[in-house]
Amino acid sequence: MKGFYIGLGALAVGGVGVLVVAMSRGGATLPSGPINVEAIEMARSWPGYVLGDPEAPVEIIEYADFECAGCRVQWVLTVQDIKQRLVATGQARLTFRDFPLTSHMNSAPAHHAAACAADQGMFQQMHDKLFDTQPQWTGRTGAESMFRGYARELGLDLEEYDACTGEGRHRGRLQASYEGGLALGVNSTPTFIVGDHLYTDGVTYDLIKALVDSIAAIGEQ
Amino acid sequence: MKHRMVIATLSLVGLFVALYLSLWKLGLVGSMVCGLGSCEVVQTSRYAYLFGIPVAFYGVVGYLAMLGVSLVGLQPKFVATLGPTKLLVGLGGSGTAFCLYLTYIEAFVLDAWCRWCIVIAILTVSILATAVVGLRERPSEN
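No experiment lies behind these values; they were computed from the predicted model shown.

Conventions adopted
Per chain, residue numbering runs from 1 following the sequence as it is written. Think of it this way: whatever chain is written first is A, whatever ligand is written first is 1, and the rest follow in order. Residues qualify for local features only when their pLDDT is at least 70, as the model is predicted, and side-chain atom pairs are given and counted only at 80 or more; totals for whole chains, interfaces and linings, by contrast, use all residues. Helix and strand assignments follow DSSP, with helices taken as H or I runs no shorter than four residues and strands as E runs no shorter than two, numbered in order from the N terminus. For two strands to be treated as a pair, DSSP must find no fewer than two bridges joining them. Orientation is described by axes fitted as lines to C-alpha atoms, over the contacting stretch for helices, and by angles from 0 to 180 degrees between their N-to-C directions. Note on contacts: each residue gets a C-beta atom placed from the backbone, and two residues are in contact if those atoms are within 7 Å. Put plainly, a residue is buried at 20 or more neighbouring C-beta atoms within 10 Å of its own, exposed at 12 or fewer, and partly exposed in between, counting only other residues' C-beta atoms, which are placed from the backbone. We call two directions roughly parallel when the angle between them is under 35 degrees, roughly antiparallel when it is over 145, roughly perpendicular when it lies between 65 and 115, and oblique otherwise. If you view the pair so one helix is near and one far, a crossing is left-handed when the near helix is turned anticlockwise from the far one by less than a right angle, and right-handed when it is turned clockwise. Residue type decides the class: Asp, Glu, Lys and Arg count as charged, Ala, Val, Leu, Ile, Met, Phe, Trp, Tyr, Cys and Pro as nonpolar, and the leftover types, Gly among them, as polar.

1. Quick notes on unusual backbone geometry
That bond from A:Thr189 to A:Pro190 is cis: its omega, -5 degrees, falls within 30 degrees of zero. Take A:Pro190: it is sitting in the loop between helix H9 (171-184) and strand S4 (191-194). Of note, B:Asp111 is a non-glycine position whose phi angle comes to about 55 degrees, a positive value. Summarising the element assignment, B:Asp111 is placed in the loop between helix H5 (83-110) and helix H6 (115-136).

2. Brief notes about the sheet that holds S4(A)
Residues and elements named next belong to chain A. Read across the open sheet, the 5 strands follow the order S1-S3-S2-S4-S5; overall the sheet is mixed. The open sheet has two edge strands with one neighbour each: strand S1 (49-51) and strand S5 (197-199). With strand direction ignored, the average angle separating the axes of adjacent strands in the sheet is 20 degrees. Sheet strands in contact with helix H3 (residues 69-87) are S1, strand S2 (58-64) and strand S3 (92-98), and its direction is about 150 degrees off that of S3. Against the sheet, H9 makes contact with S2, S3, S4 and S5, and its axis sits at roughly 110 degrees relative to S3, the strand it touches most.

3. Quick look at the interface of chain A and chain B
Across the contact, 23 residues belong to chain A and 21 residues belong to chain B. When residues of the side of chain A that touches chain B are traced back to their parent elements, those giving at least two are helix H1 (2-25) and helix H7 (143-153) of chain A. No other element matches H1(A), which puts 10 residues into the side of chain A that touches chain B.

4. Notes on the pairing of S3(A)
Residue and element names in this part refer to chain A. The element S3 is largely enclosed, with a buried count of 5 among its 7 residues. In this sheet, S3 lies alongside S1 in antiparallel orientation, the contact comprising 3 bridges. Within the sheet, the bridge partner assigned to Tyr49 lies in S3 and is Phe96. Of the strand pairs in this sheet, S2 and S3 are connected by 7 bridges, and their pairing is parallel. Its bridge partner being in S3, Glu62 is matched across the sheet by Phe96.

5. Regarding the packing of helix H4 (residues 107-119) of chain A against H7(A)
Packed helix pairs are characterised by how far apart their axes lie and by the angle those axes make with each other. Residue and element names in this part refer to chain A. The interhelical angle for the contact between H4 and H7, taken along N-to-C directions, is 20 degrees, at an axis separation of 10 Å. Here H4 lies roughly parallel to H7, going by the angle between them. The chirality of how H4 crosses H7 is right-handed. Across from Pro109, Ala110, Ala113 and Ala117 in H4, the residues of H7 making contact are Ala143, Glu144, Phe147 and Ala151. Here the residues of the contact of H4 with H7 sort into 7 nonpolar, no polar and 1 charged.

The values are spatial; any link to function lies outside them.
Rendered as structure tokens:
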């Protein structure tokens, strides 16, 4: 009996040791701290993630935050319609620009995960996945591990993804997008810009459709 | 009561596996060691939660319970009674049913396999089988 307890104790010690080693291994997490100013400057001309025909007559710009509940609602209620009825039909192109709010604990890693997915041509898939699963990771610790799970699920090259997130490859670009939004008058999410109209309280499909039609009509004149 | 020793050992192993998955869920462990499996697909799916609580946490509680019951059952006061073994059959049976449900989800809903979940399922079924065998042991044998 004594031997059994000694063996069980040894197993417990070994198990704790394995867990401690696993916890000390950490993972590829987004670096914090100051962002290289040059990187931000270089990214200022970056247009955002463009969906649809780049030559489409009207551009719909969306500034959004992946951890913003309102953005998720807008994604469900309006953006799907915009994609199917305006973008897919060539009437407009939809440009997504990052506006990661610092008040959300997982916004920065979420946007960075999407940027790293974009490197592998999977931005839209990661974008949709992040909004789809937002209730599961919003405000929770461990979100970066979940994003990595999504990357795996989407079939991304994980080694490349880890390198991208680990070095914070797109932090400058995200910051540039955020500052670009501020310069345009964006102060909340979601914000839509169509032509010279800026809507900060969300939009309806009908409103966007009317704007697209009017801008297209002006362009034809 | 050798079967209780076996169950205690299996429960301890299962406890550490469940703890590992729980720590990963809490973000305290980096990339999950999974080999060729799809652990992250399974662990980040909506089925990885039950009533808003990660299923790995239920595993921790379940294995702790089975470890506790088996160790109590090894104490002189309880060695000659079948009560702890019956309780282990109940706990092992509940755990096995839960594992069957999760395995079904992996196979037919997610089409993805988590190596650690399979380990947990094997451990739980083994605990149930050992407990059932233990019911046939006569207490005086030990």
